[in-house]
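Take a look at the letters that make up each chain.
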Amino acid sequence: MKIQRNDNKEHSSSESKDYGLWRDRVAFWFMGICNNYGFNVILAAAHDIIVELSPKPSNDIKYVRNCNSMSTVYAHNRHLINLNSRSCISTWSSGTGGAGIIGTVSYSALKQLGFASQQLMLGMISVPIFEAIIFWGLLRHKKVTVIQAENGHNENNKDIEQHKETSSAPSIIDRIKFLPKLLKYAIPLFVIYFSQYFINQGLFELIYFPKIWLSKADQYRWFQATYQISVFISRSSINLINFKAVWLLAVLQSINLIYLLFEAIYYFTPNIYVIFFVIFLEGLFGGGAYAKTFYRISEEVPEHQRQFSMAIITVSDTPGVALAGIVALPVHDAICNLPIPSRLL
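Owing to the predicted nature of the structure, the values given are computational and were not obtained by experimental measurement. (Residues numbered from 1 in each chain as written. Predicted model: local features only at pLDDT ≥ 70, side-chain atom pairs only at ≥ 80, totals over all residues. Heavy atoms only, no water.)

Examining the overall build of the chain
Threshold: Strands are runs of DSSP state E lasting at least two residues, helices are runs of H or I lasting at least four, and both sets are numbered from the N terminus onward. When accessible area is computed with a 1.4 Å probe and restricted to protein chains, residues below 20% of their type maximum are described as buried, those above 50% as exposed, and intermediate ones as partly exposed. The method behind every accessible area is Shrake-Rupley, applied with a 1.4 Å probe, and residues are considered shielded solely by the protein chains displayed.
Within the chain, the regular secondary structure consists of 13 helices and zero strands. Starting at the N terminus, the α and β elements of the chain follow one another as α-α-α-α-α-α-α-α-α-α-α-α-α. Residues counted as buried form 48% of the 345 residues belonging to the chain. If you sum the accessible surface of the chain, you get close to 17,700 Å²; carbon and sulfur atoms cover 65% of it.

Below is the structure:
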């Protein structure tokens, strides 16, 4: 334990002396936004897209709950970054969280100005261009730094030696043997992503409060906006809150899923503000788990296995998202075939 603290102090000291670190922090923040921006716009636009693509509801019992003929899962359908600095992990996490707010707000604002959903989707083509400019123009690249150091442009020989010691990648056998040690990071993240994407993809559109100040489409957008705001808050707090029990967040997220599933079926919640609160918690749990998982890897995993570990954990949430989409499709149809709840009468 003592060695770990010394390593952390040494790491913090080296970062404080790196006067170009601000470039990496800013670059990772903007790349985090670009990485998630398009996806979050699709989340915000999913209901509008489905409404535009769906046929007019008939008098069939299937649509008495004011359901779309297709789930928003149909409209919801990441790259690996070299995160060597813990401060860059923080700014990357914050950027991905900020993408939710920026994506949701920009889509809603442009929608209010009269732009069609299709036009807004096409406009997202420009985002990867901006990300490429940030990546090649602002972010420092480690290989260039090492070459300069070997040519005498870096006076810190200790950094050169450390790079040479840690640059040799583990063998495939070593990586396979190391995989079981990553389960403690991957399993909670899988559960959390399954729960929150089942909620976002399959349940948001089914929860509706009639005769209030928000239309059905507006309620869906505000559910998404509430979720994105809380994700941004939690992902930006990585350096402020020291919380390692990610498994507890997975349990709490599962409870959120159960509550909102029963709400979508029975409509028992007295007012929409309770739903906003539950969704806010959902974003806190999901965003906090994402940020803390990668931060824990940067602290707990040996450096020679760190990049491999982050690559594995980066894609470990994908099965959870995919499974949530698969399960949400039949659940959507099943709920829409249920008798109309009393709140809608």
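As for the packing of helix α11 (residues 246-266) against helix α12 (residues 272-300)
Inclusion rule: Note on geometry: axes are lines fitted to C-alpha atoms, helical ones only across the stretch in contact, with angles between N-to-C directions running from 0 to 180 degrees. Roughly parallel means an angle under 35 degrees; roughly antiparallel means over 145; roughly perpendicular covers 65 to 115; every other angle is labelled oblique. Crossings are assigned a handedness: left-handed for a near helix turned anticlockwise from the far helix by less than a right angle, right-handed for a clockwise turn. Should any heavy atoms of two residues lie within 4.5 Å, those residues are considered in contact. The classification used treats Ala, Val, Leu, Ile, Met, Phe, Trp, Tyr, Cys and Pro as nonpolar, Asp, Glu, Lys and Arg as charged, and all other residues, Gly among them, as polar.
The N-to-C vectors of α11 and α12 enclose an angle of 155°; their axes lie 9 Å apart at closest approach. With respect to each other, α11 and α12 are oriented roughly antiparallel. When the axes of α11 and α12 are compared, the crossing they make is left-handed. Every residue of α12 that contacts α11 at Val246, Leu249, Leu252, Gln253, Asn256, Tyr259, Leu260 and Glu263 is listed here: Val274, Ile275, Val278, Leu281, Glu282, Phe285, Gly286, Gly288, Ala289, Lys292, Thr293 and Arg296. Of the residues that constitute the contact of α11 with α12, the class distribution is 11 nonpolar, five polar and four charged.

Considering the pattern of salt bridges
To keep it simple, the criterion reads: By definition here, a salt bridge exists when the distance from a side-chain nitrogen of Lys or Arg to a carboxyl oxygen of Asp or Glu is within 4 Å.
Scanning the model with the defined rule gives three salt bridges in all. In this structure, Glu300 and Lys184 form a salt bridge, with 4.0 Å as the shortest nitrogen-oxygen distance. Within this pair, whereas Glu300 is found in helix α12, its partner Lys184 is found in helix α9 (residues 183-203), the two being separated by 116 residues in sequence. On the basis of relative accessible area, Lys184 is assigned to the partly exposed category, the value being 48%. For the salt bridge of Arg221 with Asp218, the shortest nitrogen-to-oxygen distance reads 3.0 Å. Here Arg221 and its partner Asp218 are both found in helix α10 (residues 216-235), three residues apart, which amounts to about one turn of the helix. For Arg221, a relative accessible area of 12% puts it in the buried group. Judged by relative accessible area, Asp218 falls into the partly exposed class, the value being 24%. Through salt bridges with shared partners, a single network forms among Lys184, Arg296 and Glu300.

A few points about the nonpolar core
Rules: Grouping buried Ala, Val, Leu, Ile, Met, Phe, Trp, Tyr and Cys residues that are joined through side-chain atoms within 4.5 Å yields what is termed a nonpolar core.
Leu203, Phe223 and Ile313 are the most contacted members of the largest nonpolar core, which has 48 residues in total. Going through the elements one at a time, α9, α10, α11, α12 and α13 (303-336) are the ones with two or more residues in this core. Look past the residues within four positions of Phe223 in its chain and what remains in contact with it is Phe204, Ile207, Ile272, Ile275, Phe276 and Ile279.

Overview of the UniProt feature "transmembrane region" (unreviewed entry) in the chain
For clarity, the cut-off: UniProt positions are given in the numbering used here, feature names are shortened, and annotations may be inferred rather than shown by experiment.
Mapped onto the present numbering, the UniProt feature "transmembrane region" (unreviewed entry) falls at residues 120-139, 245-266 and 272-291. Secondary structure content for residues 120-139 is 80% helix and 0% strand, and the end C-alpha separation is 28 Å. Spanning residues 272-291, this segment combines 100% helix with 0% strand, and its end C-alpha atoms are found 29 Å apart.

Here's the deal with the side chain of Glu282
By the element assignment, Glu282 lies in helix α12. In this structure Glu282 touches Gln196, Ile199, Asn200, Phe204, Tyr227, Gln253 and Asn256, once residues within four positions along its chain are discounted.

Let's talk about the packing of aromatic side chains
Within a pair of aromatic rings, the relevant descriptors are the distance that separates the centres and the angle that separates the planes. Applicable threshold: Aromatic pairs are defined between Phe, Tyr and Trp rings, using the six-membered ring for Trp, whenever the two ring centres lie within 6.5 Å; interplanar angles under 30 degrees are classed as stacked, those over 60 as edge-to-face, and all others as tilted.
Tallying each qualifying case throughout the model produces nine aromatic pairs. Consider the rings of Phe223 and Phe276, whose centres lie 5.5 Å apart with planes at 65°: the pair is edge-to-face. Pair noted here: Phe223 is in helix α10 and Phe276 is in helix α12, with a separation of 53 residues, a long-range link. For Phe276, a relative accessible area of 14% corresponds to the buried category. Ring-pair connections join several aromatic residues into one group, and the members of that group are Phe204, Phe223, Tyr273 and Phe276.

A few points about the environment of Ala324
Tracing the backbone through its elements, the reader meets Ala324 in helix α13. By relative accessible area, Ala324 is classed as buried at 0%. Taking the C-alpha atoms as reference points, Ala324 and Ile199, separated by 125 residues in sequence, lie 8.5 Å from one another. Ala324 has contacts with Phe194, Tyr197, Phe198 and Gln201, leaving out every residue within four places of it along the chain.

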